[in-house]
Amino acid sequence: MIEVEHLSKSYRGIEAVSNLSFRVERGQVVGFLGPNGAGKSTTLRILAGFLGASSGRVRIAGFDIVDERLQALRQIGYMPETSPLYPEMKVREYLAFRAELKGVARTKRRVEIARCLELARVSEMAGVPIGHLSKGYRQRVGLADALLNSPPLLILDEPTAGLDPNQIREVRALIATLAEEHTVLVSTHILSEVEASCSRAVVIAKGRLVAVGSIDEIRGRGRPELTLVLRGTEALVRATLSGLDGIASATVEVHGDTLRAKAILTAEDDAALGEATERIVRALAQADVGVREVRTTTATLEEVFATLTRDDMNSATTDEAAP
Amino acid sequence: MRGLWPIFKREVFAHFVTPLAWVAMTAFLLIQGLHFFLIVQHFAGQLDLSADAGPVQTYFGQTMMLYLPLLFVCPVLTMRLFAEERRSGTIEPLLTAPIETAGVVLGKYLAVVLIYAAMWLPTLLYMLLLSRYGEVDWHVVASGYLAVLAIGAGYLAIGTMTSALAKSQLAAALTSAMAIIGLFMIGVGEFIFPEGIGRDIAGHVSAWAQMNDFSRGIIDSRRLVFDATVVVLPLFITVRAVDAWRLE
Ligand SMILES: Nc1ncnc2c1ncn2[C@@H]1O[C@H](COP(=O)(O)OP(=O)(O)OP(=O)(O)O)[C@@H](O)[C@H]1O
Ligand SMILES: [Mg+2]
């Protein structure tokens, strides 16, 4: 549905997106992740045909966004970052204007507008001038606009920004229902949002692609961790662990009359993790170390995200990006 | 052209909720009313009116009062068109709708042309008033309005262009006012330049000379061709400018 090849974009010499390539297949709901200033909005604006790329190409449903602009745009329902709207228009008037621009047939407009108002939960504000709406409601009007004419592809730039927790939950649920009929690319820097509503994610940092794949694959980029509570001497435990394969690093601490060991494993999937755990426990038992507790933890998406996007970035940015 | 009609409608509507537009239109009508009043007062003393110099001719062709207001009304009507959409960001949903840039530009432009024409409508009352008390040559009235429309259409196209080029409404209004005054000044060159090509050109582009001709019912097609150029060229540049934003 979306093919991005070697996309770069500079603003007066400063590169905001560099050599970005990824694909989104029909029917997928893809989270577009990255810390502030990563280039998410810039990329989405290029995909939606608002900005031109400095180099590279973008195809939407096979149509080139530059050469076959109108055909490509007909496939897209785009919600810009801050949902800019005309304050003097009433919600229904605005959607009627947008429906006409998008070529919704005159006879179908009323029904289509009512459908989108309902989906985006703004029906009760239909007669209110947009200038009088709260930010959350304006976001929803932007969402209703994106849904008009049921485009096969939805590109949503931070649809939950500025919403209260209830609204955020509603919008996530909405995105989940939209997944049945639409391909969705939704940007965010809130990870729980991606875990809640997306099957896949594209992660960028500083304009570069850092990870792409299913949520599980990306989570798998983080190393699993083994926590052990042991009885024995610290030296013996250290010696045993250091002789084993599959351990990236290990720490041992004394806690009263027990030891607490943490081992970061190199295992890349659940089978390897299980196998490594078994080997470690057996080796410890053979060395006559008492094993009292074994816990494996896989990295959370947040930890992976932090690692992926931290490289040469100041910690303030990362903290904000991964709350 | 996709997009033209909905944008035209929205733009006309948006215009009537803009306070500054009402101020400009009211000021315009007040000035035209005063203008007309002074002319009628002037002619009230005269008994014998020559065909070439009646109140209608004077109204359209012999005083500056007719188009001095255009110098401020046209920039005020057009300054919003693109500058405001860029400031508020609404240009983003607009340009990502499946419509052609030319449709956007023409829709907006035709909306201000309609408003401009509507602004002149009340002045028709003056003509009706005159016709009750004397002879009015409707042919002259028609050509007078044609000239007013043709010249205004060019000024509005210039304003549409500067609104797309400038970063703010104020800058858009100032640059279009300057361009319009510049164009007007070239026309004044007719009275300043020595005989020759410069003077011919000045006479050709002079809005003053055009009003003078048309107010006597002389419709010179070369003048209309010039007016059309002043419409088409800025609108063409506007389309190119809007397309160029993508490449910034
Ligand atoms: N119009 C512009 N002119 C110049 N630089 C820009 C412009 N828009 C964005 N940038 C720069 O490009 C980079 C990427 O910005 P972008 O808005 O795409 O980030 P983002 O990932 O959407 O961030 P956020 O999470 O804050 O929305 C930033 O460094 C930003 O300063
Ligand atoms: Mg952004």
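Residues numbered from 1 in each chain as written. Chains lettered and ligands numbered in written order. Predicted model: local features only at pLDDT ≥ 70, side-chain atom pairs only at ≥ 80, totals over all residues. Heavy atoms only, no water.

Draft legend 1. Quick look at the coordination of the magnesium ion (ligand 2). Residue and element names in this part refer to chain A. Taken together, Ser41 (OG) and Glu81 (OE) make up the full set of protein donors to the magnesium ion (ligand 2), lying 1.9 to 2.5 Å away. Taken together, the residues serine 41 in helix α1 (residues 40–47) and glutamate 81 in the loop between β6 (76–79) and α3 (91–101) connect sequence positions 40 residues apart. Exposure remark for glutamate 81: the relative accessible area of 29% places this residue in the partly exposed category. (Donors = N, O, S within 2.8 Å, 3.2 Å for Na, K, Ca; no water. Helix = DSSP H or I, 4+ residues; strand = E, 2+ residues; numbered from the N terminus. Buried < 20%, exposed > 50% of the residue type's maximum accessible area, 1.4 Å probe, protein only.)

Draft legend 2. Representation of the site of ligand 1 within the structure. Residue and element names in this part refer to chain A. Inspection of the region around ligand 1 gives 14 residues, with Gly37, Lys40, Ser41, Thr42 and Glu81 positioned closest. Here an oxygen atom of ligand 1 sits 3.2 Å away from a polar atom, N or O, in the main chain of alanine 38. Residue threonine 42 places a side-chain N or O atom 2.5 Å away from an oxygen atom belonging to ligand 1. Taken by itself ligand 1 offers 630 Å² of open surface, and the protein chains cover 61% of this. Per-element accounting of the shell around ligand 1 gives the leading share, three residues, to α1. Considering only residue class, the shell around ligand 1 consists of four nonpolar, six polar and four charged. (Near = heavy atom within 4 Å. Polar contact = N/O pair within 3.5 Å; in protein donor to acceptor, adjacent residues only side chain to side chain. Areas by Shrake-Rupley, 256 points an atom, 1.4 Å probe, with all protein chains shown as cover. Nonpolar A, V, L, I, M, F, W, Y, C, P; charged D, E, K, R; others polar.)

Draft legend 3. Up close: helix α4 (residues 106–119) of chain A. When the terminal C-alpha atoms of α4 of chain A are compared, their 20 Å separation across 14 residues agrees well with the 20 Å that a helix rising 1.5 Å per residue should span. Of the residues one or two after α4 of chain A, arginine 121 of chain A is the one with positive phi, at around 60°. (Expected span 1.5 Å × (residues − 1).)

Draft legend 4. Geometry of the sheet that holds strand β5 (residues 63–64) of chain A. All names here are of chain A. Judged by pairing direction, the sheet is antiparallel, and its four strands sit side by side in the order β2-β1-β4-β5 without closing on themselves. Two strands close off the open sheet at either side, each with one partner strand: β2 (14–24) and β5. Relative to strand β4 (residues 55–60), strand β1 (residues 2–11) runs antiparallel, the two sharing five bridges. Across the sheet, serine 8 pairs through a bridge with serine 55, a residue of β4. Packing against the sheet, α1 makes contact with β1, β2 and β4, and its axis sits at approximately 120° to β1. (Pairing = 2+ DSSP bridges. Contact = heavy atoms within 4.5 Å. Axes fitted to C-alpha atoms, helices over the stretch in contact; angles between N-to-C directions.)

Draft legend 5. Here's a closer look at the environment of leucine 101 of chain A. On the secondary structure map, leucine 101 of chain A appears in helix α3. Residue classification places leucine 101 of chain A among the buried positions, given a relative accessible area of 0%. Note: C-alpha distance between leucine 101 of chain A and serine 187 of chain A (86 residues apart in sequence) is 25 Å. Apart from the residues within four sequence positions on either side, leucine 101 of chain A is in contact with Arg2, Gly3, Pro6, Ile7, Leu94, Ala97, Pro98 and Ile99 of chain B.

Draft legend 6. A look at the interface of chain B and chain A. At the junction of the two partners, chain B supplies 27 residues and chain A supplies 27 residues. Of the roughly 2,500 Å² buried at the junction of chain B and chain A (both faces included), carbon and sulfur atoms supply 60%. Counting every contact that joins chain B to chain A gives three salt bridges. As a salt-bridge pair, glutamate 92 of chain B and arginine 45 of chain A come within 3.0 Å of each other at their nearest N and O atoms. Taken together, the links from chain B to chain A amount to eight residue pairs in polar contact (both at pLDDT 80 or more). At the level of secondary structure, the elements contributing two or more residues to the side of chain B that touches chain A comprise α1 (4–16), α5 (80–88) and α6 (91–95) of chain B. A total of seven residues in the side of chain B that touches chain A trace back to one element, the largest contributor, which is α1 of chain B. By residue class, the composition of the side of chain B that touches chain A is 14 nonpolar, five polar and eight charged. (Buried area = accessible area lost by both parts, 1.4 Å probe. Salt bridge = Lys/Arg side-chain N within 4 Å of Asp/Glu carboxyl O.)

Draft legend 7. Looking closely at the sheet that holds strand β10 (residues 208–214) of chain A. All names here are of chain A. Here six strands make up an open sheet; going across it, the order is β6-β7-β8-β3-β9-β10 and the pairing mixed. At either end of the open sheet lies a strand with only one pairing partner, and these are β6 and β10. Direction aside, neighbouring strands of the sheet carry axes that sit 15° apart on average.

Draft legend 8. Examining the packing of aromatic side chains more closely. For the structure on display, the rule yields 10 aromatic pairs over all chains. Taken together, a centroid distance of 6.5 Å and an interplanar angle of 50° make the contact between tyrosine 94 of chain A and phenylalanine 97 of chain A tilted. Here the residue tyrosine 94 of chain A and the residue phenylalanine 97 of chain A both occupy positions in helix α3, the gap between them amounting to three residues, near one helical turn. Each of the two residues, tyrosine 94 of chain A as well as phenylalanine 97 of chain A, counts as buried. Ring plane angle 55° and centroid distance 5.5 Å describe the contact between phenylalanine 16 of chain B and tryptophan 22 of chain B, whose orientation is recorded as tilted. With a relative accessible area of 35%, phenylalanine 16 of chain B lands in the partly exposed category. Feature note: the residues Tyr86, Tyr94 and Phe97 of chain A constitute an aromatic cluster, connected by ring pairs. Looking at arginine 140 of chain A, its charged tip hangs above the ring of tyrosine 137 of chain A, at a distance of 4.8 Å from the centre. Just above the ring of phenylalanine 97 of chain A sits the side chain of arginine 10 of chain B; from NZ or CZ to the centre is 6.0 Å. (Phe/Tyr/Trp six-rings, centres within 6.5 Å; stacked < 30°, edge-to-face > 60°. Lys NZ or Arg CZ within 6 Å of the ring centre and 35° of its normal.)

Draft legend 9. Just the packing of helix α7 (residues 101–120) of chain B against helix α9 (residues 138–165) of chain B, in detail. Residue and element names in this part refer to chain B. One way to put it is that α7 packs onto α9 with a least axis distance of 10 Å and a crossing angle of 140°. As the angle between them shows, α7 and α9 are arranged oblique. Where α7 crosses over α9, the handedness of that crossing is right-handed. Contacts between α7 and α9 pair Tyr109, Val112, Val113, Tyr116, Ala117 and Trp120 from the former with Tyr145, Val148, Leu149, Gly152, Ala153, Leu156, Ala157 and Thr160 from the latter. (Parallel < 35°, antiparallel > 145°, perpendicular 65-115°, else oblique. Left-handed = near helix turned anticlockwise from the far one by under 90°.)

Draft legend 10. Focus on the confidence of the model for chain A. Per-chain confidence: chain A averages 87 in pLDDT, with 96% of residues scoring 70 or above. Every residue in residues 312–323 of chain A is under pLDDT 50, and counting partners more than four places away or in other chains gives 20 contacts. (pLDDT = per-residue confidence, 0-100.)

Draft legend 11. Focus on the pattern of salt bridges. Applying the stated rule across the entire model yields 23 salt bridges over all chains. The salt bridge partner of lysine 262 of chain A is glutamate 225 of chain A, with a shortest N-O separation of 4.0 Å. Separated by 37 residues along the polypeptide, lysine 262 of chain A in strand β13 (residues 258–265) and glutamate 225 of chain A in strand β11 (residues 225–231) bring together distant segments of the chain. A relative accessible area of 37% places lysine 262 of chain A in the partly exposed class. The partner of arginine 10 of chain B in a salt bridge is glutamate 11 of chain B, with the nearest N and O atoms 3.8 Å apart. Overall, the relative accessible area of 6% leaves arginine 10 of chain B in the buried class. Within this structure, Glu88 of chain A together with Arg10, Glu11, Arg80, Glu85 and Lys108 of chain B form a network of salt bridges that share partners.

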